[in-house]
Amino acid sequence: MNPSVQVSVIVPSYNRSESLKDTLQGLGRQKTSLHYEIIVVDNNSTDGTKEVVREFQGNFKAPLYYLFESRQGISYARNAGMRKARGELIAFLDDDTLPSPEWLTSFWRCFQEEEADLVAGKVELLWFSERPEWLSEILMKPLVTLDYGEKRFQIHAKEKRILGANFAFRRSLADRVGFFREDLGRRGNSLIGGEDSEWFGRLIQEKAKVFYEPQAQVFHKVLGEKITEEYILRWFLDIGRTHGHLMDWKWHHGVTLLPLWCWKGTLYSRMRETVSDFSRQDKTQRLEAKTQGLFYQGILQERSAHWQNRVFRKSLSCHFI
């Protein structure tokens, strides 16, 4: 660790070179006296990501580094950035977000005043197109937003969601809980996630001091591609697969495959879809019914894949013993 670097900001990026420009401009406008560095981790992009970073490097107020990670997946990119980081604090920022000018200073202040291990910042939506009338709160779940109000507080429960789009932690924390699981997280255009929530869960188990700081605010872009039916339906299917991947295997799942609550949810969602198809419900109701069904379908797909792999491994063991 270099004592002169107080904060290392890591920006994983995949084929968002134009959006990355806005993020870097926001990082260059930070109102702070802190010594910080920026590490852009190019996660195997095929666009002009490298050229964008090189362009900014020539005239940037803080050290700006380009790091290429060929293994596809945000967890690989996050871990690669953490290994290169030299700061006392490590902050993560998505490549489609715009940090407020007080972003870094607000993080630093919270760490100093609360002796925190990790601080999660506020994430507000920045609309680049009009919100469709059919887009209900349920259907907005794929959009990255986090707003717990205007007061700082300590987060005690694992159930309180934290987002990987905007958070910072002490470098020493990784020595306690490890890095991100590389079997989780988005890979290219796949929307399977879970790497951040699984990592945050480990923090809570380790009784890390976690705070929410609303002044460490970023704005998350809402582009037209993310408010289409196709994107939303795909997100719910993949988030179901994420849940299925994270489920603990119990002995009785060899027979039931899924927990009872999953089978109940699957049955209920199928019934709801059938009713919505025949009752001519409006677009919002039909999509909500469909997303619920896709969520449980994703869980079933992932658990089936795990079950088949488990049976395969057992059959190999029996064959060679």
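This one's a predicted model, so the numbers in the text were calculated from it and none came from an experiment.

Bringing the overall build of the protein into the picture now. Of regular secondary structure, the protein possesses ten helices and nine strands. In the protein, which comprises 321 residues, the share counted as buried stands at 52%. Counted over contacts in the protein with a minimum sequence separation of 6, partners at least 24 positions apart contribute 81%. Total accessible area on the protein is roughly 16,100 Å²; 52% of this is exposed by carbon and sulfur atoms.

Our focus in this paragraph is helix 4 (residues 103-114). Taking 1.5 Å of rise per residue, the twelve residues of helix 4 would be expected to cover 16 Å, and the 17 Å separating its terminal C-alpha atoms lies within 8% of that figure. Those residues of helix 4 that fall on the buried side of the exposure criterion are Trp103, Leu104, Thr105, Ser106, Phe107, Trp108, Cys110 and Phe111. Looking one or two residues beyond helix 4, the residue adopting positive phi is Glu115, at roughly 55 degrees.

With that out of the way, let us pick up the pairing of strand 9 (residues 210-222). By the criterion of burial, strand 9 is predominantly enclosed, with eleven of the 13 residues buried. Where strand 5 (residues 97-99) meets strand 9, three bridges bridge the pair, whose relative direction is antiparallel. Opposite Pro99, over in strand 9, you have Val218 as the bridge partner. One ladder, built from ten bridges, connects strand 6 (residues 118-127) with strand 9; its direction is parallel. Residue pairing for strand 9: Val119 is matched across the bridge by Phe211. Summarising the sheet, strand 7 (residues 153-155) and strand 9 pair through three bridges and their orientation is antiparallel. When the sheet's bridge partners are listed, Phe153 is paired in strand 9 with Tyr212.

Bringing the environment of Thr228 into the picture now. Its location among the elements puts Thr228 in the loop between strand 9 and helix 7 (229-246). Sequence separation between Thr228 and Pro132 is 96 residues, and the spatial gap between their C-alpha atoms is 9.4 Å. Among the polar contacts listed, one links the side chain of Thr228 to the backbone nitrogen of Tyr231, at a separation of 3.2 Å.

The subject of this paragraph is the nonpolar core. Residues Val7, Val9, Leu24, Leu27, Ile38 and Trp103 are the most contacted members of the largest nonpolar core, which totals 37 residues. Counting residues per element, this core draws most heavily on helix 4, at six residues. Contacts of Ile38, omitting those with residues within four sequence positions, involve Val9, Val11, Leu24, Leu27, Phe60, Pro63, Leu64 and Tyr65.

Looking now at the side chain of Thr49. Position of Thr49 among the secondary structure elements: in helix 2 (residues 49-57). Within polar-contact distance, the side chain of Thr49 engages the side chain of Asp47 at 2.7 Å.

On to the packing of helix 1 (residues 17-28) against helix 2. Interhelical geometry of helix 1 versus helix 2 gives an angle of 25 degrees and a closest axis separation of 9 Å. Considering the angle they form, helix 1 stands roughly parallel to helix 2. Between helix 1 and helix 2 lies a crossing whose hand is right-handed. Between helix 1, through Ser17, Leu20, Lys21, Leu24 and Gln25, and helix 2, the contact on the second element is made entirely by Thr49, Val52, Val53 and Phe56. Residues that form the contact of helix 1 with helix 2 fall into these classes: five nonpolar, three polar and one charged.

So, on to unusual backbone geometry. Phi at Asn15 takes a positive value of approximately 50 degrees, unusual for a residue other than glycine. Within the element layout of this structure, Asn15 appears in the loop between strand 1 (7-13) and helix 1. Phi angles above zero are rare outside glycine, and Glu115 is one such case at about 55 degrees.

For the rest of this paragraph, the subject is the packing of aromatic side chains. Applying the stated criterion to the full structure yields twelve aromatic pairs. Between Phe153 and Tyr212, the ring centres sit 5.3 Å apart and the planes meet at 40 degrees, which makes this aromatic pair tilted. Of the two residues, Phe153 is situated in strand 7 and Tyr212 in strand 9; the sequence distance between them amounts to 59 residues. Looking at Phe153, the relative accessible area reads 26%, which means it is partly exposed. An angle of 85 degrees between the planes, with centres 4.9 Å apart, marks the rings of Trp235 and Phe236 as edge-to-face. Ring pairs connect the aromatic residues Phe92, Phe167, Phe169, Phe180 and Phe200, which therefore count as one cluster. The side chain of Arg78 reaches across the aromatic face of Phe92, ending 5.1 Å from its centre.

Basis of the calculations
- Residues numbered from 1 in each chain as written.
- Predicted model: local features only at pLDDT ≥ 70, side-chain atom pairs only at ≥ 80, totals over all residues.
- Heavy atoms only, no water.
- Helix = DSSP H or I, 4+ residues; strand = E, 2+ residues; numbered from the N terminus.
- Buried < 20%, exposed > 50% of the residue type's maximum accessible area, 1.4 Å probe, protein only.
- Contact = heavy atoms within 4.5 Å.
- Areas by Shrake-Rupley, 256 points an atom, 1.4 Å probe, with all protein chains shown as cover.
- Expected span 1.5 Å × (residues − 1).
- Pairing = 2+ DSSP bridges.
- Polar contact = N/O pair within 3.5 Å; in protein donor to acceptor, adjacent residues only side chain to side chain.
- Core = buried A, V, L, I, M, F, W, Y, C linked by side-chain atoms within 4.5 Å.
- Axes fitted to C-alpha atoms, helices over the stretch in contact; angles between N-to-C directions.
- Parallel < 35°, antiparallel > 145°, perpendicular 65-115°, else oblique.
- Left-handed = near helix turned anticlockwise from the far one by under 90°.
- Nonpolar A, V, L, I, M, F, W, Y, C, P; charged D, E, K, R; others polar.
- Phe/Tyr/Trp six-rings, centres within 6.5 Å; stacked < 30°, edge-to-face > 60°.
- Lys NZ or Arg CZ within 6 Å of the ring centre and 35° of its normal.

So, to be careful, I would describe these as geometric facts and stop short of saying anything about function.
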